[in-house]
Every structure is written in structure tokens, then in C-alpha cells.
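# Analysis of the macromolecular model
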Amino acid sequence: MNDLGPLIPRNREAHPVAYYPDYKTSVARSPNLPLLSMESGPSEETGPTFGHSRFGALDNNLILNWTKGAAPAVGERILMHGRVLDENARPVPNTLVEIWQANAGGRYRHKKDTYLAPLDPNFGGCGRALTDENGYYQFLTIRPGAYPWPNRGNDWRPMHIHVSVFGHSFGQRLITQMYFEGDPLIPLCPIAATIRNRSQLDRLVAPLDMARSRPLDYLAYKFDIVLRGRRQTMFENKPEGM
């Protein structure tokens, strides 16, 4: 249980627009009336929180964690790594970071994903890590494939990894996506286009990090997550409590 005070209200000026006709499902999902902000209460400002001790040895290794090391996932191996920081570049330690993604063919392990790419029996597509005292986290995983989605005639999602960061209480969770440097589908994606400020979109693109790449094994991509400030990471639900 934690009692760190009320959650910080959402700054809607930093959000993508809710109604964006090129992103077809936003038309039905976007609100028609002015939004109301509700004050946070004890259920949002305190626990329950996750158990820090409930981590397995392979939780941050998506290549092996689905089959418990029996067989590796198929695809291009990558290291996704970075730090969780505040607006003054101070590390945020002991923070839960979760990711989920499509497999190398661009298909999620979900019953509603009917894309014709095959499922990898050795890839679950999700993992979690806890930041260390320097705010550092890392995941060993497979580069996700791009995939088509029924939006306009021929829209494809760029390669991306979903990222969730948990705070100190039940109502503190931030969600975003990480894209890959050099992906030509990023400027063509209607979802990415809802972020009108190009510098904000660029903060979701992880640069190639050859210094952390391992020869004959994997490439590395560096994705720092900044919770506040002028260089803050763009979040889908920013900022509830961070």
C-alpha cells in the first residue's frame, strides 16, 4: 500500500486528437461531449500493487519464456533496452515495465487475430522487467513483423512493441508504443499520424544501438522512457499519476 497523494490530472494539450477520420475506429470511439475529470480517490492513490518478488528468470526473455527455455522463438533476435527517467533525467528505480508484441510474422497470440501469418508455437509475445537502481531495463526478444489492418484499403501497422509502465499505486499506469528507426511504414500509419507534433512522434522511435548489439547474435535498440518534462515520452493515456 502506498499513499503518495492525489494523481496528477491529464494534460490533454499533449494528447493526439481523439477524432481522426483516417484512423477509422476513432470515429466511433471518440467522445461527442466534453470530457469530465474525476478526482482520484483511495482506490487509485493506494494499492493493490504487483508483487516485486514474483518474477521468473525468463520474464524479460521473450525468446525463451513461452517454452521455459525448451525451444527458442523464430525471428530476428533483438535487445530492447533503456532507462525510465523523470523530467530531470533522474532514474526511476524499482518500476515495473511490461511489453507485448506480435511475432516475427506480424501476428499476435490472440484468438481475434486472424492474420494469415502463422503463430510461432515457441513465442508468447509478452514479458516484464523491473528497473534497477539506475532506472535501467532490458528485454531480449524478436523483432515484430508489420501487419495489415482493416482501416483503409491497404494500411499496415509499422513494426512496434507495446510498453506499459506502472507507478506506485493502482491508478498509475502509462502505456505507449516503441517503433524502430528507419521503418518506412511509420509516416504512412494513421495511428502514428494522430501525433501531430513530429518531435513527439520521434520520441517513440528507438534508434539502433550498435554499442549494445552482440556480434552474430542480436541487434540492440535503445528506448528511454521519460515520464515528464519537455522531452517526455508520448503516452496513449498520459499522464495518469506520473
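Here the structure is shown first, and the text comes after it.
The rules we used
- Residues numbered from 1 in each chain as written.
- Predicted model: local features only at pLDDT ≥ 70, side-chain atom pairs only at ≥ 80, totals over all residues.
- Heavy atoms only, no water.
- 1 Å grid on protein atoms, 1.4 Å probe; cavity = no way out; pocket = protein on both sides within 12 Å on 5 of 7 lines; lining within 4 Å.
- Points joined across faces, edges and corners; volume = space filled by probe spheres on them.
- Phe/Tyr/Trp six-rings, centres within 6.5 Å; stacked < 30°, edge-to-face > 60°.
- Helix = DSSP H or I, 4+ residues; strand = E, 2+ residues; numbered from the N terminus.
- Buried < 20%, exposed > 50% of the residue type's maximum accessible area, 1.4 Å probe, protein only.
- Lys NZ or Arg CZ within 6 Å of the ring centre and 35° of its normal.
- Core = buried A, V, L, I, M, F, W, Y, C linked by side-chain atoms within 4.5 Å.
- Contact = heavy atoms within 4.5 Å.
- Polar contact = N/O pair within 3.5 Å; in protein donor to acceptor, adjacent residues only side chain to side chain.
- Nonpolar A, V, L, I, M, F, W, Y, C, P; charged D, E, K, R; others polar.
- Pairing = 2+ DSSP bridges.

Take empty space enclosed by the protein next. By the definition in use, this model includes 1 cavity of 30 Å³ or more. In this structure, the largest cavity spans a volume of roughly 40 Å³. If you go around the largest cavity, the residues you meet are Gln 101, Ala 102, Asn 103, Arg 107, Tyr 108, Arg 109, Leu 119, Asp 120, Phe 123, Gly 124 and Gly 125.

Another aspect to go through is the packing of aromatic side chains. This model, assessed by the stated rule, comprises 5 aromatic pairs. Ring centres of Tyr 115 and Trp 156 lie 6.5 Å apart, and the angle between their planes is 90°; this geometry places the pair in the edge-to-face category. Of this pair, Tyr 115 sits in the loop between strand S2 (96–100) and strand S3 (126–130) while Trp 156 sits in strand S6 (residues 155–157); the two residues are 41 residues apart in sequence, bridging distant segments of the chain. Taking the relative accessible area as the measure of exposure, Trp 156 reaches 31% and is therefore partly exposed. Note that Arg 128 overlies the ring of Phe 55, its terminal NZ or CZ placed 4.4 Å from the centroid. Taking NZ or CZ as reference, Arg 143 lies 5.2 Å from the ring centre of Phe 180, over its face.

As a further point, take the nonpolar core. One finds Met 80, Tyr 137, Phe 139, Val 163, Met 178, Phe 223 and Ile 225 to be the most contacted residues of the largest nonpolar core, which totals 44 residues. Taken together, the elements giving at least two residues each to this core come down to strand S1 (77–85), S2, strand S4 (136–142), strand S7 (160–166), strand S8 (173–180), helix H3 (190–193), strand S9 (205–206) and strand S10 (219–222). Residue contacts for Met 80: discarding those within four places in its chain leaves Ile 99, Tyr 137, Gln 138, Phe 139, Ile 161, Val 163, Met 178, Tyr 221 and Phe 223.

Relative to the assigned elements, Tyr 147 resides in strand S5 (residues 147–149). Put simply, Tyr 147 and Gly 105 are 42 residues apart on the chain and 7.8 Å apart in space, counted from C-alpha to C-alpha. The residues touching Tyr 147, leaving out its near neighbours within four places in the chain, are Ala 102, Gly 106, Tyr 108, Tyr 115, Asp 155, Trp 156, Arg 157 and His 160. There is a polar contact of 3.4 Å between the side chain of Tyr 147 and the side chain of Tyr 108.

Here the largest pocket is characterised by a volume of approximately 1300 Å³. Every residue lining the largest pocket is counted, 40 residues in all, and those nearest its centre are Tyr 23, Thr 25, Arg 29, Ile 191 and Glu 236. Secondary-structure elements contributing two or more residues to the lining of the largest pocket are helix H1 (24–29), S5, S7, S8 and H3. When grouped by side-chain class, the residues that make up the lining of the largest pocket number 21 nonpolar, 12 polar and 7 charged.

Moving on, we come to the pairing of S2. As defined by bridge partners, S2 adjoins S3 across 5 bridges and the pair is classed as antiparallel. Residue pairing for S3: Glu 98 is matched across the bridge by Arg 128. Relative to S7, S2 is paired through 4 bridges, and the arrangement is antiparallel. Paired with Ile 99 across the bridge in S7 is Val 163.

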